[in-house]
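Now for the letters of each chain:
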Amino acid sequence: MSQKATTTKRDGFSSRFGIIAAAAGSAVGLGNIWKFPYIVGENGGSAFIFIYLISILAIGVPVLLAEFIIGRRGQANAVRSFKKIAPNSKWSAIGWMGIVAAFMILGFYTVIAGYTIHYFILTITNSFAGMNSADISQTFNTFATGTTLPIIYTIIFIFLTLVVLFGGVKDGIEKYSKILMPGLVGIILLLVIRAVTLPGASAGIEFLFKPDFSALSMDAVLDALGHAFFSLSVGMGTMLTYGSYISKKENLTSTALSIAAADTLIALLAGLAIFPAVFAFGIDPTSGPGLVFITLPNVFLQMSGGTFFGALFFFLLFIAALTSVVSIFEVIIAYITEELNVGRHKAMALITLAAIVISSFCSLSQTPNSSLIFNGHTLFDWMDLLSANVLLPIGGLLIMLFVAFIMKPSDLEDELQQGAKSIKGTMAYLTVTKFVAPVAIAIVFLTGIQALFN
Ligand code: PHE
């Protein structure tokens, strides 16, 4: 068995477009289309976006690049890559933390992903017809706090991700991402065109792009920093694992920049698909997590063509979530297949079982009088808070320190040099960010910890 694992050629991406589609597929997810718009709404719009863009450049991109470098250098899963680059050290603990974070994110993320299927069905069957906003909000609350329906949809969602993962990296993840990601871009553009051509849409556009720094609080800055991590899928080995599948011909810096640009653009387009419509119908943009599942069905109900555009929106959310969950699974699959010498499909079965158990508990923690509430937060919230506020920032910090101070500078330069004309710009950028990013990350982490106990 172990011989087979070492002699067969490692699976990997076969084209530049495939790498970008798969990695952007991981980055673009519920974080962009569900969370980004609502935190923008809660934090006053454009000034928040400005801080978010700085966070992406100052900490998101350097950590993303660092993960690609470690993965491609190590040519292995998130744990073994560290062991290969720094033998006999404890740095592989970063990979372990990533695996724990992967299970936690799977726990809450697949629950929301399941909602997207339910909402797709509700909109396409025109089930909201005749409802007022109180009914729509009641519909959501009854569904989300139910004991069976959300779990069933979560399980259906997980099985759909297995379809993508089944064929492996090139014939599964890459093949599907190359179809799904252009589809996602097409759908979001259609939705943006519909939203910005509504009468009264300009108030929403202004909300997104006219800076109002008075609305910006310290919490908003920290939210922006933390979200940059989550949105780029960094800090837990996802991009490291994908990096290990990138061929030696590719330029890692330009790949990382393209992915960050795609991720940011899609988040902004999601804002442009949502806020102009929300403002056009005079609805409050600050409704928080319910923005997509409560506010938007109201919007679609009033919009001409609302059934079509509503169904399209939830399908978009579904695709975005699908390619992200695929990447989280892949971190664990790569680990299990390479370290425990278990076949890919058996590994997928084991992870699926675990994911179903964790996500069912997460979903059940939202039912009335659930006993899965600890210190005032549901298990669902704990999985979200512990991964996004604790594990991802610590992981990102350590990854940054590893590349900046532990890896041999010649190895680092060698990785950056592949496919690149000059690495002067990248080296200058890394020289600055290797000091800025760790400080910024440490602040996010410390404040995140504090938030957990409030
Ligand atoms: N980046 C994804 C999103 O924005 C979430 C994610 C986080 C995916 C971490 C993989 C790893 O929704």
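Here, every reference points to the structure presented above.
Participant: When you look at the packing of helix 10 (residues 202-209) against helix 13 (residues 252-280) in this model, what are you seeing that I'm missing?
Facilitator: Each pair of packed helices can be described by the angle between their axes along with the distance between the axes. One can describe the packing of helix 10 onto helix 13 by two numbers: an axis separation of 6 Å at closest approach and a directional angle of 130°. Comparing their axes, helix 13 and helix 10 come out oblique. The interaxial crossing formed by helix 10 with helix 13 has right-handed handedness. Residue-level contacts link Ala 203, Gly 204, Ile 205, Phe 207, Leu 208 and Phe 209 of helix 10 to Gly 271, Leu 272, Phe 275, Pro 276 and Phe 279 of helix 13. Of the residues contributing to the contact of helix 10 with helix 13, the split by class is nine nonpolar, two polar and no charged.

Participant: Explanation requested: the environment of Ser 258 in the structure shown.
Facilitator: Residue placement: Ser 258 occurs in helix 13. According to the relative accessible area criterion, Ser 258 is partly exposed, its value standing at 27%. The spacing of Ser 258 and Val 331 is 73 residues in sequence and 22 Å in space, taken between C-alpha atoms. Beyond its immediate stretch of four places on either side in the chain, Ser 258 contacts Arg 16 and Ile 20.

Participant: When you look at the packing of aromatic side chains in this model, what are you seeing that I'm missing?
Facilitator: Centre-to-centre distance and the angle between the planes together describe a pair of aromatic rings. Throughout the structure, instances matching the rule amount to 32 aromatic pairs. Measuring from ring centre to ring centre gives 5.1 Å for Trp 96 and Tyr 335, while their planes differ by 65°; the resulting arrangement is edge-to-face. Taken together, the residues Trp 96 in helix 6 (residues 93-124) and Tyr 335 in helix 15 (residues 306-339) connect sequence positions 239 residues apart. For Tyr 335, a relative accessible area of 11% corresponds to the buried category.

Participant: What is the right way to look at helix 13 in this model?
Facilitator: Residues spaced three or four apart along an α-helix face the same direction, because each turn holds 3.6 residues. Here helix 13 contains 29 residues, and its C-alpha end-to-end distance of 42 Å stays within 8% of the 42 Å for a straight helix at 1.5 Å per residue. Backbone geometry just downstream of helix 13 places Gly 282 in the positive-phi region, at approximately 65°.

Rules and cut-offs
- Residues numbered from 1 in each chain as written.
- Predicted model: local features only at pLDDT ≥ 70, side-chain atom pairs only at ≥ 80, totals over all residues.
- Heavy atoms only, no water.
- Axes fitted to C-alpha atoms, helices over the stretch in contact; angles between N-to-C directions.
- Helix = DSSP H or I, 4+ residues; strand = E, 2+ residues; numbered from the N terminus.
- Parallel < 35°, antiparallel > 145°, perpendicular 65-115°, else oblique.
- Left-handed = near helix turned anticlockwise from the far one by under 90°.
- Contact = heavy atoms within 4.5 Å.
- Nonpolar A, V, L, I, M, F, W, Y, C, P; charged D, E, K, R; others polar.
- Buried < 20%, exposed > 50% of the residue type's maximum accessible area, 1.4 Å probe, protein only.
- Phe/Tyr/Trp six-rings, centres within 6.5 Å; stacked < 30°, edge-to-face > 60°.
- Expected span 1.5 Å × (residues − 1).

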